[in-house]
Amino acid sequence: MAAPLTDQEKRKQISIRGIVGVENVAELKKGFNRHLHFTLVKDRNVATPRDYYFALAHTVRDHLVGRWIRTQQFYYETDPKRVYYLSLEFYMGRTLQNTMINLGLQNACDEAIYQLGLDMEDLEEMEEDAGLGNGGLGRLAACFLDSMATLGLAAYGYGIRYEYGIFNQKIKNGWQVEEADDWLRHGNPWEKARPEYMLPVHFYGRVEESKEEAKWVDTQVVLAMPYDTPIPGYMNNTVNTMRLWSARAPNDFNLMDFNVGDYIQAVLDRNLAENISRVLYPNDNFFEGKELRLKQEYFVVAATLQDIIRRFKNSKKGSSGPVSFASFPEKVAIQLNDTHPAMAIPELMRVFVDIEKLDWDTAWAITKRTFAYTNHTVLPEALERWPIGLLETLLPRHLQIIYKINQGHLDEISALFPEDMDRIRRMSLIEEDGGKRVNMAHLCIVGSHAVNGVAEIHSNIIKTDVFRDFSELEPEKFQNKTNGITPRRWLLLCNPGLAELIAEAIGEEYVKDLSQLQKLNELVDDDTFIRDVSKVKQDNKEKFSQYLEKEYMVEINPSSMFDVHVKRIHEYKRQLLNCLHIVTMYNRIRKNPKAPFVPRTVIIGGKAAPGYHMAKMIIKLITAVGEVVNKDPVVGSKLKVIYLENYRVSLAEKVIPATDLSEQISTAGTEASGTGNMKFMLNGALTIGTMDGANVEMAEEAGEENMFIFGMRVEDVAEMDVQGYDAMPYYQKIPELKQAIDQINSGFFCPKQPELFKDVTNMLFNHDRFKVFADYEDYITCQEKVNQLYQNPREWTKMVIKNIAASGKFSSDRTITDYATEVWGVEPTDLKIPPPNEPREALDETARALREK
Ligand SMILES: *Cc1c(COP(=O)(O)O)cnc(C)c1O
């Protein structure tokens with residue numbers, strides 16, 4: 001028998017990682033050594049693993065530069081309609097491997113690094129995640145950038161360059177502890193600062209009004225410094241730009257006026273201005289109405305709009321006379337990722353009316369045709385409602401503009417529905433009860449030509465429930481754009497074994513057209529393919545087990561079912577329901593230790609917002625249950641509970657390919673879409689889930705019989721809200737539920753502090769907005785069906801194949817194609833920009849052209 005392949009040999013065999021040319025490899029090695037010497041100023045005697053990572057990052061980056069310049073030049077010359085994706089979050093994760101994949105350099109780099117006697121995976125592990133997001137919303141923005149570049153759209157991501165991203169989570173004594181994410185400490189090789197394009201952003205001040213005009217005066221200025229990150233498309237020579245703004249104090253900050261004489265203090269106070277881009281707010285699906293957050297939201301909007309307008313005017317260079325903004329909506333589409341950048345609407349109006357001197361109605365018509373708004377949640381606690389007082393102080397002119405927008409808006413409604421005062425109150429941009437506030441979703445709806453939800457069920461809820469009055473007024477404005485994920489990161493990068501297996505079966509085209517995965521349906525009965533799919537999963541499970549053992553000294557059984565629940569910790573996502581299933585399994589084992597049991601490793605992970613008490617208690621409960629379960633000799637290796645510390649993009653890439661069972665168990669009607677669900681489906685996990693978010697469409701694509709669907713439907717939940725939900729009867733009537741709750745309540749899992757989980761049980765009995773008990777029984781029954789199937793590996797894997805084959809809809813390429821054609825009015829292309837010239841040739845050409853003139 002031949003010796004088993006080494007990791008290096010396995011990686012070389014994988015064709016979709018690109019071609020290994022001898023010259024290519026030699027060139028890469030040369031680049032690596034050059035960067036180690038000139039960029040890092042090290043030799044191999046003193047170089048650290050991090051130095052090697054940076055040397056490789058710079059070598060790979062060199063391959064981006066020509067394509068990046070060429071792409072931007074191409075946009076300048078052809079002047080296509082630009083798409084601007086505005087987001088307070090871009091959850092990018094790591095960049096090195098993604099860049100190698102999209103440029104087709106991965107195999108050549110692997111070979112070069114191998115020849116240099118280094119280990120590629122070790123180097124990749126040195127890269128910090130760019131954690132500039134909380135969860136799904138920020139990761140969606142990152143997937144969209146990849147798809148927009150792959151589809152050849154002239155697109156830009158605009159956001160904030162937070163100095164500290166989402167905190168690092170440590171679990172200490174079972175509790176979450178937060179640590180600052182100093183991700184820029186060692187430098188960021190993927191960004192290019194552009195101090196020459198710095199722009200001023202104004203805050204505070206007052207409005208001076210005359211008959212002709214309004215002037216915003218006496219403001220404080222903060223400078224916005226752009227940092228550009230290249231966004232390569234997959235194998236098409238396109239490189240787009242993500243531009244993130246960093247706050248800088250002007251050099252005369254606080255020296256001009258009142259602080260005269262206290263030079264030292266004035267310099268120290270520069271921090272006050274620069275704090276704007278210091279740190280990402282760590283809330284997921286929760287509105288925290290802090291002044292600094294409002295400053296962040298306006299900061300990104302004000303800098304970005306100046307950039308957009310500058311680019312628009314620049315493209316009009318040839319034409320004479322004053323710039324006409326009439327064509328603005330034909331050249332510019334701005335997508336608002338939730339209401340976080342909503343101030344872009346009054347800001348564009350301010351620029352048009354106060355600075356460019358357009359009349360109000362013209363400006364308003366252009367503005368509405370420019371913006372589109374994506375809603376991401378219906379949870380009331382997540383909806384942004386900024387107090388009037390804050391706006392009046394920080395952005396007085398914008399408040400006036402919002403009032404004027406509201407006036408026109410309410411006039412229209414009163415004309416259509418005279419005397420309907422209640423409708424007018426409901427639809428106002430200004431909420432009156434409990435202190436005046438601006439409802440930012442209402443502002444976005446009124447100021448946009450398109451509004452969309454992120455899955456069919458969610459878009460329907462928006463139309464019939466949260467924004468019903470608005471959809472009655474303008475039904476054609478409301479759309480659906482079901483979320484998606486990029487198959488490059490979430491298959492090629494994280495699961496090369498499966499990606500290659502699929503390529504061998506159906507060719508490589510599926511990477512750019514994921515609907516082709518349907519072809520796998522022809523292989524559901526193919527014994528070899530079934531065996532190979534199952535082998536890839538087993539390999540991934542073993543690799544992940546080794547990772548856990550090495551990093552956390554926990555041992556798990558790779559032949560047990562990996563049951564994984566990873567996402568932000570939130571009551572609506574119902575990690576507590578999963579926890580009750582764990583306790584139920586534990587009690588069953590103890591009651592009947594000899595009975596057959598399908599071994600499980602339950603892996604739960606995710607961050608709790610630091611100020612979210614209940615979410616932190618949920619983490620402590622899961623770890624406490626894990627302590628008891630994991631060290632009970634009666635349980636043995638039948639059941640293990642792992643709390644996966646510091647869940648983030650790079651950890652998702654490790655755990656998802658190793659998962660057998662994906663937990664997607666939110667209360668129906670609460671998870672707008674979910675994208676974690678799609679990543680698991682694509683990577684060969686089966687889903688246990690409710691009919692919520694995109695789970696509904698996953699069931700539609702794969703067939704409900706190929707998912708483990710349980711629990712109340714959204715109609716059942718609505719009906720229960722009418723009747724009033726009472727947890728007690730479930731507790732009284734379901735003995736296993738009663739036992740589990742009694743144990744949690746009495747301190748069984750925490751004997752040293754028996755009162756510890758009283759807040760949790762009290763919530764479950766008396767104010768559980770997410771109705772955990774109501775779905776308990778059906779969930780437990782459904783988990784038994786999961787066990788039944790898992791005992792038949794062949795049938796399990798056949799269902800896995802059917803799921804992978806049905807996952808094509810959930811490519812973000814499909815999502816972006818739909819936005820492009822139905823919202824932005826641009827066409828995706830598979831046009832391949834020609835590869836770039838060598839920089840010297842380009843300069844020679846320019847010089848020749850100049851001489852010939
Ligand atoms: C995809 C992803 C999410 C979103 O997961 P959901 O299950 O849809 O909430 C959150 N965090 C990370 C790191 C992700 O990669």
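Our subject in this report is the structure included herewith.

About the thresholds
Residues numbered from 1 in each chain as written. Predicted model: local features only at pLDDT ≥ 70, side-chain atom pairs only at ≥ 80, totals over all residues. Heavy atoms only, no water. Near = heavy atom within 4 Å. Polar contact = N/O pair within 3.5 Å; in protein donor to acceptor, adjacent residues only side chain to side chain. Areas by Shrake-Rupley, 256 points an atom, 1.4 Å probe, with all protein chains shown as cover. Helix = DSSP H or I, 4+ residues; strand = E, 2+ residues; numbered from the N terminus. Nonpolar A, V, L, I, M, F, W, Y, C, P; charged D, E, K, R; others polar. Phe/Tyr/Trp six-rings, centres within 6.5 Å; stacked < 30°, edge-to-face > 60°. Buried < 20%, exposed > 50% of the residue type's maximum accessible area, 1.4 Å probe, protein only. Lys NZ or Arg CZ within 6 Å of the ring centre and 35° of its normal. Salt bridge = Lys/Arg side-chain N within 4 Å of Asp/Glu carboxyl O. Expected span 1.5 Å × (residues − 1). Pairing = 2+ DSSP bridges. Contact = heavy atoms within 4.5 Å. Axes fitted to C-alpha atoms, helices over the stretch in contact; angles between N-to-C directions. Parallel < 35°, antiparallel > 145°, perpendicular 65-115°, else oblique.

1. Here we look at the site of the ligand
Reasoning step 1: Taken together, 14 residues surround the ligand, and among them Lys567, Lys573, Thr675, Gly676 and Lys679 come closest.
Reasoning step 2: Separating an oxygen atom of the ligand from a side-chain N or O atom of lysine 567 is a distance of 2.6 Å.
Reasoning step 3: A distance of 2.6 Å separates an oxygen atom of the ligand from a polar side-chain atom of lysine 679.
Reasoning step 4: When the free accessible area of the ligand is taken as 390 Å², the share hidden by the protein chains comes to 97%.
Reasoning step 5: Broken down by secondary-structure element, the contributors of at least two residues to the shell around the ligand are helix 25 (649-655) and helix 26 (676-682).
Reasoning step 6: A class-by-class count of the residues in the shell around the ligand yields 5 nonpolar, 5 polar and 4 charged.

2. Quick look at the packing of aromatic side chains
Reasoning step 1: A full pass over the atoms with the stated rule returns 28 aromatic pairs.
Reasoning step 2: An angle of 80° between the planes, with centres 5.6 Å apart, marks the rings of tyrosine 85 and phenylalanine 144 as edge-to-face. Remark: phenylalanine 144 occurs in helix 7 (residues 136-150) and tyrosine 85 occurs in strand 1 (residues 82-86); sequence separation between them is 59 residues.
Reasoning step 3: Looking at phenylalanine 144, the relative accessible area reads 0%, which means it is buried.
Reasoning step 4: One aromatic cluster is present, formed by Tyr84, Tyr156, Tyr158 and Trp245 through successive ring pairs.
Reasoning step 5: Above the ring of tryptophan 360, the side-chain terminus of lysine 404 is found at 4.6 Å from the ring centroid.

3. Focus: the pattern of salt bridges
Reasoning step 1: Enumeration according to the criterion identifies 61 salt bridges in this entry.
Reasoning step 2: Arginine 82 is paired through a salt bridge with aspartate 79; the nearest N and O atoms lie 2.8 Å apart.
Reasoning step 3: You can call arginine 82 buried: its relative accessible area is 8%.
Reasoning step 4: Given the relative accessible area of 16%, aspartate 79 is considered buried.
Reasoning step 5: A salt bridge links aspartate 354 to arginine 397, with the shortest nitrogen-to-oxygen separation between them at 2.7 Å. Here aspartate 354 is found in helix 12 (residues 344-355), whereas its partner arginine 397 is found in helix 15 (residues 396-416), with 43 residues between them in sequence. Considered together, aspartate 354 and arginine 397 belong to a single accessibility category, that of buried residues.
Reasoning step 6: Several salt bridges share partner residues, and in doing so they unite Asp420, Asp422, Arg423, Arg425, Arg426, Arg468, Asp469 and Glu472 into one network.

4. Looking at helix 34 (residues 812-824)
Reasoning step 1: The terminal C-alpha atoms of helix 34 lie 16 Å apart, and with 13 residues this falls more than 12% below the ideal 18 Å at 1.5 Å per residue.
Reasoning step 2: Of all the positions in helix 34, only Ser812, Asp813, Arg814, Thr815, Ile816, Tyr819, Ala820, Val823 and Trp824 are classed as buried.
Reasoning step 3: A positive backbone phi angle near 65° is found at glycine 825, which sits one or two residues after helix 34.

5. With respect to the sheet that holds strand 24 (residues 686-689)
Reasoning step 1: Across the sheet, 6 strands lie side by side as 22-21-20-23-24-25; this open sheet has parallel pairing. Both outer strands of the open sheet, strand 22 (639-644) and strand 25 (708-709), are each paired with one neighbouring strand and no more.
Reasoning step 2: Of the strands in this sheet, strand 20 (561-566), strand 21 (600-605) and strand 22 touch helix 22 (residues 527-552), which is tilted by about 65° from strand 20.

6. Considerations on the packing of helix 12 against helix 15
Reasoning step 1: It is the contact of helix 12 with helix 15, at a shortest axis distance of 9 Å, that shows an interaxial angle of 95°. By the angle between their directions, the pair helix 12 and helix 15 is classed as roughly perpendicular. Across from Ile345, Pro346, Glu347, Met349, Arg350 and Asp354 in helix 12, the residues of helix 15 making contact are Arg397, His398, Ile401, Ile402 and Ile405.
Reasoning step 2: A breakdown of the residues in the contact of helix 12 with helix 15 according to their chemical character gives 6 nonpolar, 1 polar and 4 charged.

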